[in-house]
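# Structural overview for review
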Amino acid sequence: MSFWRKVYAITRKDVLAELRTKETVSAVLVFTLLVIVIFNFAFGTQRDIIEKVASGMLWVTFAFAGVLSLNRAFVMEKEEGCLEGLMVAPVPREVIYVGKMLSSLIFMFLVEAIALPIFAFLFNLNVLTWQNVAVVLLATTGFVAVGTLFSALAVNTKAREMVLPILFFPIVSPVIIFAVQGSDLALSGAPWGSLFSVMQFLIIFDVIFLVISYLIFSFVVEE
Amino acid sequence: MKRYILLAFTSILMLVSLWMVFVWVPTEKVMGIVQRIFYLMVPVGWLALLSFLIVFIGSILYLINKQTRWDVLARSSAEIGIVCTTLALTTGSIWAKPIWGVWWTWEARLTATLVLWLIYLAYFMVREFAGEESRGARFAAIIGITGFVDIPIVVLATTFWRGMHPPPLVFEGGLAPQMMVTLMVSIAAFTALYFLLLVLRISLRNSEIDIKQLKGTDY
């Protein structure tokens, strides 16, 4: 089998498991909704305040939701003993990384695809523009690229759920900075031209994080 | 024996740099006496970066060779690094108060330093959480590598985001010659101190490992 066939097999397995249980996506969605409601308590309903904090709200929500769903990515494998199965499968470790990364990415995109209209609906915000969607896609890719690496690491530690955010938020902070900036611009109706530099940086970060994670993933899971 | 030579060398250099900082170098015109913190803050900031470079190299070598000595090197260096980062943040804060009027601002380089500090805090926490010592070393090495690669990215992101910190005068030749010389001597003194501390920490760590082995607990 070629590299991508093997990757497809792992991603397909995750998507199938998720389709049967619907655990991760539904839990993360409910969590997202709760965060949005809490933001409403925190910032009130004044239009100017909401507009100022909108992109921050969006990214705090996605960052926390992302950690939640990334935590599940490997905990599930560990609990059912599937991780050992994956380890002994005749595939390079990099394939496991790419496969898991893609399935986590699919789940995140799914959550975001449902959460963005909810945001637009509840706060009357213009988050469903092509510009904002592009920012969300790029930033989520970088986020998940690092997240998958650290999720595999955190699952082998004592306090799994606590370890992931501690390790991973500082590393991924540049992506969050640019995501907030990009969404802020997009929400204020900026044209593509003014988003160019933000997009450029996000793409560079995505590539760097993907390459680094790809290269060192095999050291995380070996034992 | 070598260690004592290094100790003597560091002490002399340190005394010279103290004399230069407090007696020889003229007081800065605008900021006054506070500006002398500069000769402490810049060297510790430099050491923070240097030590994390050593962590990065040690981590790569450890992942490739799995030899404990590389982990000992990386870990010892990280300990000095996090102390230096803390010192840079603290001295910077003390300097910022009289000049900017606040202890802390969310300015680019300060934010980047804080993120750096958090990354290396994670470096130590992951060892505690890993359970087994060799696994902790491996996980810490992962953080050591990604963390170091992340430094320029964090700096880039925060600079793009906002900047108020004065640009590094040192590279633009905007520093009076006497100040420049003092700064260079300070940096040299602190770099010597770094290597002295590193040597001491490594030998201490090696003794700890020896004792653990004698007691029969695994490393």
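In this report, the structure presented in the accompanying data block is examined. (Residues numbered from 1 in each chain as written. Chains lettered and ligands numbered in written order. Predicted model: local features only at pLDDT ≥ 70, side-chain atom pairs only at ≥ 80, totals over all residues. Heavy atoms only, no water.)

### Section: the packing of helix α8 (residues 192–221) of chain A against helix α5 (residues 133–161) of chain B
Worth spelling out the cut-off: Note on definitions: angles span 0 to 180 degrees between N-to-C directions of axes, and those axes are lines fitted to C-alpha atoms, for helices only across the stretch in contact. Strands are runs of DSSP state E lasting at least 2 residues, helices are runs of H or I lasting at least 4, and numbering of each runs from the N terminus. An angle below 35 degrees is read as roughly parallel, one above 145 as roughly antiparallel, one from 65 to 115 as roughly perpendicular, and any other as oblique. Whether two residues are in contact is decided by their heavy atoms: any pair within 4.5 Å suffices. Charged means Asp, Glu, Lys or Arg here, nonpolar means Ala, Val, Leu, Ile, Met, Phe, Trp, Tyr, Cys or Pro, and polar covers whatever is left, Gly included.
Where α8(A) meets α5(B), the closest approach of the two axes is 10 Å, and the angle between their N-to-C directions is 175 degrees. Overall, the two elements α8(A) and α5(B) adopt an arrangement that is roughly antiparallel. Side by side, α8(A) and α5(B) meet where A:Ser197, A:Val198, A:Phe201, A:Phe205, A:Ile208, A:Phe209, A:Ile212, A:Ile216, A:Phe219, A:Val220 and A:Val221 of the first sit next to B:Arg138, B:Phe139, B:Ile142, B:Thr146, B:Val149, B:Asp150, B:Ile153, B:Leu156, B:Ala157 and B:Phe160 of the second. In the contact of α8(A) with α5(B), the residues fall into 17 nonpolar, 2 polar and 2 charged.

### A look at helix α1 (residues 3–21) of chain A
All names here are of chain A. Our working rule: In a helix, the anticipated span is given by 1.5 Å times the number of residues less one. Relative accessibility thresholds used throughout: buried, under 20% of the residue-type maximum; exposed, over 50%; partly exposed, between the two (1.4 Å probe, protein chains only). Note that the arc is defined by the directions from the helix axis to the C-beta atoms.
For α1, built from 19 residues, the straight-helix expectation of 27 Å at 1.5 Å per residue is met to within 8% by its first-to-last C-alpha distance of 28 Å. Among the residues of α1, those classed as buried are Lys-6, Val-7, Ile-10, Thr-11, Asp-14 and Glu-18. The arc that holds every buried residue of α1, seen down its axis, measures 130 degrees, which confines them to one face. Exposed residues on α1 whose side chains face more than 90 degrees from its buried face are Arg-5, Tyr-8, Leu-19 and Arg-20. Looking at the buried residues of α1, the elements they touch are α2 (23–43), α3 (47–79), α4 (82–88) and α5 (93–123). Lys-22 occupies a position one or two residues after α1 and carries a positive phi of about 55 degrees.

### Topic: the packing of aromatic side chains
Residue and element names in this part refer to chain A. For the record, the criterion: What counts as a ring pair is set by centres within 6.5 Å for rings of Phe, Tyr and Trp (its six-membered ring), and what kind of pair is set by the plane angle: stacked under 30 degrees, edge-to-face over 60, tilted for all other angles. Lysine and arginine charges are scored as sitting over a ring when NZ or CZ, respectively, is within 6 Å of the ring centre and within 35 degrees of the ring normal.
Going through the model one piece at a time under the given rule, you end up with 20 aromatic pairs over all chains. Where Tyr-97 meets Phe-217, the ring centres are 5.3 Å apart and the plane angle is 45 degrees; that geometry is what we call tilted. Linking Tyr-97 in helix α5 with Phe-217 in helix α8, this pair joins segments that are 120 residues apart in sequence. Taken as a pair, Tyr-97 and Phe-217 share a single burial class, namely buried. Consider the rings of Phe-178 and Phe-201, whose centres lie 4.9 Å apart with planes at 35 degrees: the pair is tilted. Taken together, the positions of Phe-178 in helix α7 (residues 160–187) and Phe-201 in helix α8 put the pair 23 residues apart, joining distant regions of the chain. What makes Phe-178 buried here is its relative accessible area of 0%. Taken together, the ring pairs in this structure connect Phe-64, Phe-143, Phe-168 and Phe-169 into an aromatic cluster. For the cation-ring pair, Lys-100 lies above Phe-74, with the distance from its terminal atom to the ring centre recorded as 5.2 Å.

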